[in-house]
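# Inside the fold
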Amino acid sequence: MSQILIRVFLAVAVAFTAAACGGNSGSNGGGGNENSVPPPEQPLPSEKGKLFFSSPQALSLINLETRGQNVLWTEHEKYPLGIVPVRSGDAVAFTAVNKPFLLFLSLASLSVRNAIDFSRTWGPSLECGSQPQGSFDLNSDGSIIVFVGKCSPVGQPERRGIAVMKTDGSMLWRIVAGGEGDNFKNFSPAIVGVLGDPSVFSVFFASNRGVNGEIGIWQKASPTAALHLIAQTRFTMDTYSPGMERFFSINREYNKMVYMDLVDGKFHLFVLPFTTGGAGVDIGEGRNADWGKDGHNRILYTLNGEHWTTNPDGTDKRKMVPIGNMSTPSNGGLVDGMTGAVFAVK
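Now for a quick tour of the structure. (Residues numbered from 1 in each chain as written. Predicted model: local features only at pLDDT ≥ 70, side-chain atom pairs only at ≥ 80, totals over all residues. Heavy atoms only, no water.)

### Re the pairing of strand β15 (residues 227-232)
Direction of pairing for strand β14 (residues 216-220) relative to β15: antiparallel, over a ladder of five bridges. From the neighbouring strand, Gly216 faces β15, where its bridge partner is Gln232. Between β14 and β15, which pair antiparallel one after the other, the connecting turn spans six residues. (Pairing = 2+ DSSP bridges. Helix = DSSP H or I, 4+ residues; strand = E, 2+ residues; numbered from the N terminus.)

### Some words on empty space enclosed by the protein
What the rule picks out here adds up to one cavity of 30 Å³ or more. Volume-wise, the largest cavity comes out at about 200 Å³. Around the largest cavity, the lining is made up of 19 residues, and of these Arg87, Asp137, Ser249, Ile250 and Asp290 lie nearest the centre. Elements with a minimum of two residues in the lining of the largest cavity: β4 (79-85), β8 (136-138), β12 (186-194), β16 (248-250) and β20 (287-291). (1 Å grid on protein atoms, 1.4 Å probe; cavity = no way out; pocket = protein on both sides within 12 Å on 5 of 7 lines; lining within 4 Å. Points joined across faces, edges and corners; volume = space filled by probe spheres on them.)

### Observations regarding the side chain of Ser202
Turning to its location among the elements, Ser202 is positioned in strand β13 (residues 197-207). Given the relative accessible area of 0%, Ser202 is considered buried. Side-chain polar atoms of Ser202 contact the side chain of Gln219, separated by 3.2 Å. (Buried < 20%, exposed > 50% of the residue type's maximum accessible area, 1.4 Å probe, protein only. Polar contact = N/O pair within 3.5 Å; in protein donor to acceptor, adjacent residues only side chain to side chain.)

### A short note on the packing of aromatic side chains
Using the criterion set out here, one finds 11 aromatic pairs in the structure. For the pair Tyr259 and Phe270, a centre-to-centre distance of 5.8 Å together with 20° between the ring planes defines the contact as stacked. You can see Tyr259 sitting in strand β17 (residues 256-263) and its partner Phe270 sitting in strand β18 (residues 266-273), a full 11 residues away along the chain. Members of the aromatic cluster, each reached through a chain of ring pairs, are Phe187, Phe235, Tyr240, Phe247 and Phe267. Over the ring of Phe267 we find Arg287, and its NZ or CZ is 4.1 Å from the ring centre. (Phe/Tyr/Trp six-rings, centres within 6.5 Å; stacked < 30°, edge-to-face > 60°. Lys NZ or Arg CZ within 6 Å of the ring centre and 35° of its normal.)

### Overview of the sheet that holds β12
The sheet built from four strands is open, its strands ordered β12-β13-β14-β15 with antiparallel pairing. Whereas interior strands pair on both sides, the edge strands pair on one side only; in this sheet they are β12 and β15. When strand polarity is set aside, the average angle formed by the axes of neighbouring strands in this sheet is 30°. Note that β12 and β13 share seven bridges and pair antiparallel. The partner of Val194 across the bridge, within β13, is Asp197. (Axes fitted to C-alpha atoms, helices over the stretch in contact; angles between N-to-C directions.)

### Focus on the pattern of salt bridges
Taken as a whole and judged by the stated rule, the model has eight salt bridges. A salt bridge links Arg234 to Asp261, with the nearest nitrogen and oxygen atoms 3.6 Å apart. With Arg234 in the loop between β15 and β16 and Asp261 in strand β17, this residue pair connects regions lying 27 residues apart in the sequence. For Arg234, a relative accessible area of 30% gives the class partly exposed. (Salt bridge = Lys/Arg side-chain N within 4 Å of Asp/Glu carboxyl O.)

### Side note on the pairing of β13
Burial of β13 is extensive: eight of the 11 residues sit out of reach of the surface. Hairpin connection, β12 to β13: the antiparallel pair is bridged by two residues. Across five bridges, the pairing between β13 and β14 is antiparallel. Bridge assignment links Ser207 to a residue of β14, and that residue is Gly216.

In structure tokens, the structure reads:
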């Protein structure tokens, strides 16, 4: 454990600290688009491209223009949950109910390999393992995973926190937030890094450690670094219940974040550019947001049970047409959150 894989990401940390000091998206009520969707008299363009999604016992791909659908992976009584793209590679990672592994699917060969065995013992001082509790994320080349772990060693108190480890399982479970003495609810972790250097990254996560229990997004730049507030929301644990969905999402280039906040009692999406600091910009109603995997910067989200995409500034909103059994998945599909899907334009 002497090797510290997380190096302080100074340039980004400065910008993040400025963002945290620059304002609160909840303090100004949002200054973005007033209209969540185009007016009814305007035609709604349909999104094109392709979508990887989880459905009962299968991981599938659909061409949104031709409606052609292919099953990429299936296994009896195994239900895919979260899907996370590898930013610098042609692959996606996913977890599945009744299968205690992190799995990688090559989009070129459609071969699947097991990575971390979440059920194995993670070192002599921690005699148990843990599958991700909710959403997870990867660094740029897929070699490191961050997730919420929950472990109950025999005869010891339960250990729960934001954990980081290598995806080949060679790194012991390192808690970077939460853990003993931390009674806050920490969830929806993500990695913010550099595409060209996967060893340099910070961990972001949502937590209700605000003054009055408000949920904010926090940064941990290294295992020993102090926490920095990136964005504060109006949510509390009374108005938001963490699950499989991502509370926020980072784009492929690691320079923007989309997150949720409450505006007049409704879920709205805010986009925060890391380079400028200040408060996030309200781009309208929505939740379960996630960035496209191929760098086109389209955002996939849900609104009133329907699936939409938008530009980061809230323009060019496009509605996805209903797609077969995606509307009724048993676990982790689009109805349950965008962690069940990965969108790509090409």
